[in-house]
Amino acid sequence: MSNTQQRHRHGSLKQTNKPHKTGRHRSKSAVENANKGKTSVKALSRKMDKVMSRDSRRQQANQLRKNKRAETMNKKRQLGTAEYAPFLVCLLPLEASIDPRSTLDMLEKCDPEAIVYKNSTGITYLSVPRFKQRFSFIVPPVGRGNEFTALDYLKVADTTLFIVSANNPEGEIMDKWGARIFQMALAQGLPTPIVALQDLESIAPKKRIPMKSGIQKGIEKMLPDQKLLSLDTNSDALNLLRKIGAQKKTKLRNRMYRPHLYADRVEYEEEVLKVTGYLRGTPLDVNRLVYIPGLGDFQMAQIDVITDPYPIDKRNLDQEIVRKVFAVADDRQTPLDRENAVDDVMQEEEEEAVEEETEKPKKLVKRVPVGMNSYTAAWIPDVEEVEEDEESEDESDDDDEDFMSCASEVDSNAEMDDGGSQNDDQEYEEITEEEGISNEAKYDEGMDLEEEKRSLDKLKAAQLDKHWPDEIDTPQDIPVRLRYQKYRGLESFRTSPWDTEKGLPSDYSRIFHFENFRNRARFELKEAASVVGVPAGLYLTIHIKGVNRDIWDAFKSGQESENFIIYGLLPHEHKMSIVNCILRRTPDSEMPIESKERLIIQCGYRRFLANPIYSEHTHGNKYKFEKFFRPDEVVVASFYAPIQYPPAAVMCFRQNPDSSVSLVAAGSLLSCDPNRIILKRIRLSGYPLKILKDLAVVRFMFFNAEDVNYYKPIQLRTRCGRLGHIKESLGTHGHMKCRFDGQLKSQDTVYLQLYKRVFPKWTYQECLKTAIPRQGVSGSGSMDID
């Protein structure tokens, strides 16, 4: 064997296998060979997820549940104790004949060891040492015309004590006033309710049990979870106090996220209002604004903390009252400006518009008989001066009347004149004086005929709009393309785009809007409880600056009761914007409400006057304008008002001819979004003249060929659901040939739908108890409705 070893050499026929195809990605082995044990930076920086066992997850859930329960119990134990504000109880009778003062006297005398404090504002403080709790009682004025005052009391109360009497011979639980105030309280948000029955011992012993059971059934219909409590003896009153202090409190979120104070004492010194009382809700920041119902928004100068003057222990009655300055306002204080600064160019345009309106000529309007010439009409002295208003009521889109209706009115007036001349020839019947003062005449004396006529016209217009929605008569004296030049067609109401920044009114330059309102509201409500300020539960004095002497005197003279309430505002809640609310009609409200009708609106803690417009409550980014707010409907009302974060209850009141108010709608706050697109729709109707398969000749939609050619790109719709388009014009009188997706029926109606964006009018007015305008604050005026 040779020293040099020969290597084996394969022949040309050796088999070679194809490599594995991994596709576009590398195989696992290729990736491992490329990395060679390296670890990515992202994997190193990521925290390792620790896998918890079943027992660990159960212990963690139990601990979280235990912490939440302990936090809730601590809040519950604090309420009414010596370290927190006392329970605020509102005594509200369900009948105007019940005297709540007798109930309050019984509660004061139920415990001989209880300490009773009374002050000049009508608040009664009751400290019960055996319960280690304190109570404060307020009594709103009862009777017609005091509904708003009672609602203000219920806004800040922790418990509502409804008082029912067993001496009602008819067996009714409440009268008309009680039913109205109970309905309003439910719509506003009812604090923790308790129902007490008085005067049960004055009834025969055999009738007591059936009487109480009958009243209990009536209470269950109103408040299903409430049990009727007797209130005739001292033990009954003591049990009532025990239940007030131990029962679970209802959470009213609008009040829970904001600091509020029911005044115990109010003093006025040199344009500074000093309000003393217990702070409730969330902490109060001295640099933020406060809202006083009946006065408006104000700034604070400082906050003083005072020693509690109503202790539970009698040994602390002689303690020295110490006043300490807790916080003083600085440069970070929120300004009172409500509106945004308007550009100079926009301001000049508005001034020019105002000058043009003042220079408009006035029309002389007079009523003359039919057929009278101008020379004879000049001698009639009944002349009225009326200014022309081209922009009122959306350019009078809904006031167009055709020539035939005017002619029919003239004919009817002529017939009435002929009938009147015939009646003049008839002999009159003599009646005695006693017959003239009949019951029918007395009933007619209390009737307002003008109001009856307006109500009838509104009902007719609502019924017409319900059966023929948005239909208008095509004008014959002016081309349609000029009359409705602000309207445009949409191929699809749901998907077609609409520019939100185009065609905005000048008032939009004065308001504020958020990039994302929901996120902002969620953030502000979350931060409300952790704000740095005076903690809730302390007895303090708030120094409010900028209160004019004339305003304060007018407020005191117009105030019927001694209640004085302060609400702390969250950031941006004093600035103006477009407020959108979801509303539903009340069951007893039957008259239709027209869009832009004047209403008294209570939104959360504010009450003001506005003229809202209504739109559909649907999904999407565009919403159809509703001319009427009908019964059994849900709509969204939009109006100018200060910003407020939801949730908040909303109520709408209508002022009756006898100066009383009635609740017509209730709901909740939806958003403060000026970009909500509300589109008003009009329908031009036409009727088929000739039908040939999918072709039809339509007339009476237009009256000239130019309008037909102008509206060719817009899609046509019919009452029976057909879709089509204009093919060509026939002649010069508005006839047109149209093609549809099927054969029309002879009784069908063809529609052309046009849309225009509408906006609410700036008619916001605060419901102040003084009509004196405030100095130094930009914004809308005020109006006294109390």
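Everything below is about the structure printed above this text.
Residues numbered from 1 in each chain as written. Predicted model: local features only at pLDDT ≥ 70, side-chain atom pairs only at ≥ 80, totals over all residues. Heavy atoms only, no water.

Draft legend 1. Structural view of unusual backbone geometry. Residue Pro646 is joined to Pro647 through a cis peptide bond whose omega torsion reads 5°. With respect to the secondary-structure elements, Pro647 resides in the loop between β25 (634-642) and β26 (649-655). Non-glycine residue Lys132 carries a positive phi angle of around 55°. One can find Lys132 in the loop between β3 (124-128) and β4 (133-138). (Helix = DSSP H or I, 4+ residues; strand = E, 2+ residues; numbered from the N terminus.)

Draft legend 2. Quick look at the pairing of strand β22 (residues 613-616). Sheet analysis places β22 next to β25, joined by four bridges and oriented antiparallel. When the bridges of β25 are listed, Glu616 appears paired with Val635. Between β22 and the antiparallel strand that follows it, strand β23 (residues 622-626), lie five residues; Gly620 among them carries a positive phi value of about 130°. (Pairing = 2+ DSSP bridges.)

Draft legend 3. Structural view of the sheet that holds strand β7 (residues 229-230). The strand order across the open sheet built from seven strands is β2-β3-β4-β1-β5-β6-β7, with neighbouring strands paired in mixed fashion. Of all strands in the sheet, those with a lone pairing partner are β2 (115-118) and β7, marking the two edges. Where strand β6 (residues 192-198) lies against β7, two bridges are found, and the strand directions are parallel. Across the sheet, the residue bridging to Leu197 is Ser230, located in β7.

Draft legend 4. Expanded view of the side chain of Gln216. Tracing the chain through its elements places Gln216 in helix α7 (residues 205-222). The buried category is assigned to Gln216, whose relative accessible area is 16%. (Buried < 20%, exposed > 50% of the residue type's maximum accessible area, 1.4 Å probe, protein only.)

Draft legend 5. Summary view of a nonpolar patch on the surface. A cluster of nonpolar residues, Tyr687, Phe700 and Phe703, forms a patch on the protein surface that exposes about 270 Å² of accessible area. Topologically, Tyr687 is positioned in strand β28 (residues 677-692). (Patch = residues over 30% accessible without salt bridge, like charges linked within 9 Å, V, L, I, M, F, W, Y side chains within 5 Å. Areas by Shrake-Rupley, 256 points an atom, 1.4 Å probe, with all protein chains shown as cover. Salt bridge = Lys/Arg side-chain N within 4 Å of Asp/Glu carboxyl O.)

Draft legend 6. Seen up close, the packing of aromatic side chains. Counting across every chain of the model gives 27 aromatic pairs. Between the aromatic rings of Phe87 and Phe135, the centroid separation amounts to 5.5 Å while the plane-to-plane angle is 25°, which identifies the pairing as stacked. Placement of Phe87 in strand β1 (residues 87-93) and of Phe135 in strand β4 is noted, with a sequence separation of 48 residues between them. Judged by its relative accessible area of 0%, Phe135 is buried. Note on Phe555 and Phe564: the rings are 5.9 Å apart at their centroids and 90° apart in plane angle, and the pair reads as edge-to-face. The exposure class assigned to Phe555 is buried, which follows from its relative accessible area of 1%. Aromatic rings pair up to connect Tyr117, Tyr125, Tyr278, Tyr310 and Tyr539 into one cluster. When the ring centre of Phe148 is taken as origin, the NZ or CZ atom of Arg607, which lies over that ring, is 4.4 Å away. Sitting over the face of the ring of Tyr623, Arg676 holds its NZ or CZ atom 3.7 Å from the ring centroid. (Phe/Tyr/Trp six-rings, centres within 6.5 Å; stacked < 30°, edge-to-face > 60°. Lys NZ or Arg CZ within 6 Å of the ring centre and 35° of its normal.)

Draft legend 7. Looking closely at the packing of helix α5 (residues 147-156) against helix α6 (residues 176-188). Interhelical geometry of α5 versus α6 gives an angle of 40° and a closest axis separation of 10 Å. Taken together, the axes of α5 and α6 are oblique relative to one another. Classified by chirality, the crossing of α6 by α5 is right-handed. On the side of α5, the interface is formed by Glu147, Ala150, Leu151, Leu154 and Lys155, while α6 contributes Trp177, Arg180, Ile181, Met184, Ala185 and Gln188. Taken together, the residues that form the contact of α5 with α6 break down as seven nonpolar, one polar and three charged. (Axes fitted to C-alpha atoms, helices over the stretch in contact; angles between N-to-C directions. Parallel < 35°, antiparallel > 145°, perpendicular 65-115°, else oblique. Left-handed = near helix turned anticlockwise from the far one by under 90°. Contact = heavy atoms within 4.5 Å. Nonpolar A, V, L, I, M, F, W, Y, C, P; charged D, E, K, R; others polar.)

Draft legend 8. Spatial organisation of helix α19 (residues 549-558). Within α19, the full set of buried residues consists of Ile551, Trp552, Ala554 and Phe555. In a view along the axis of α19, the buried residues occupy a sector of 165°, so they form one face of it. Contacts made by the buried residues of α19 are with β8 (260-269) and β9 (272-280). (Arc of directions from axis to C-beta.)

Draft legend 9. Region of interest: the environment of Phe628. Mapping Phe628 onto the fold places it in strand β24 (residues 628-629). The exposure class assigned to Phe628 is buried, which follows from its relative accessible area of 1%. Placed 32 residues apart in sequence, Phe628 and Lys596 show a C-alpha to C-alpha distance of 9.4 Å. Excluding its chain neighbours within four sequence positions, the residues that come into contact with Phe628 are Lys458, Ala461, Ala462, Asp465, Pro592, Ile593, Glu594 and Glu633.

Draft legend 10. How the structure looks around the pattern of salt bridges. For the coordinates displayed, the defined rule picks out 29 salt bridges. Two residues, Glu147 and Arg180, come together in a salt bridge whose shortest N-O distance is 3.5 Å. Pair noted here: Glu147 is in helix α5 and Arg180 is in helix α6, with a separation of 33 residues, a long-range link. Judged by its relative accessible area of 25%, Arg180 falls in the partly exposed class. Close ionic contact of Glu339 with Arg510 constitutes a salt bridge, the shortest N to O distance being 3.1 Å. Separated by 171 residues along the polypeptide, Glu339 in the loop between β12 (323-328) and α10 (344-358) and Arg510 in the loop between α17 (480-483) and α18 (517-527) bring together distant segments of the chain. Residue Glu339 shares its accessibility class with Arg510, and that shared class is buried. Sharing partners across several salt bridges, the network here consists of Asp297, Arg338, Arg606 and Glu766.

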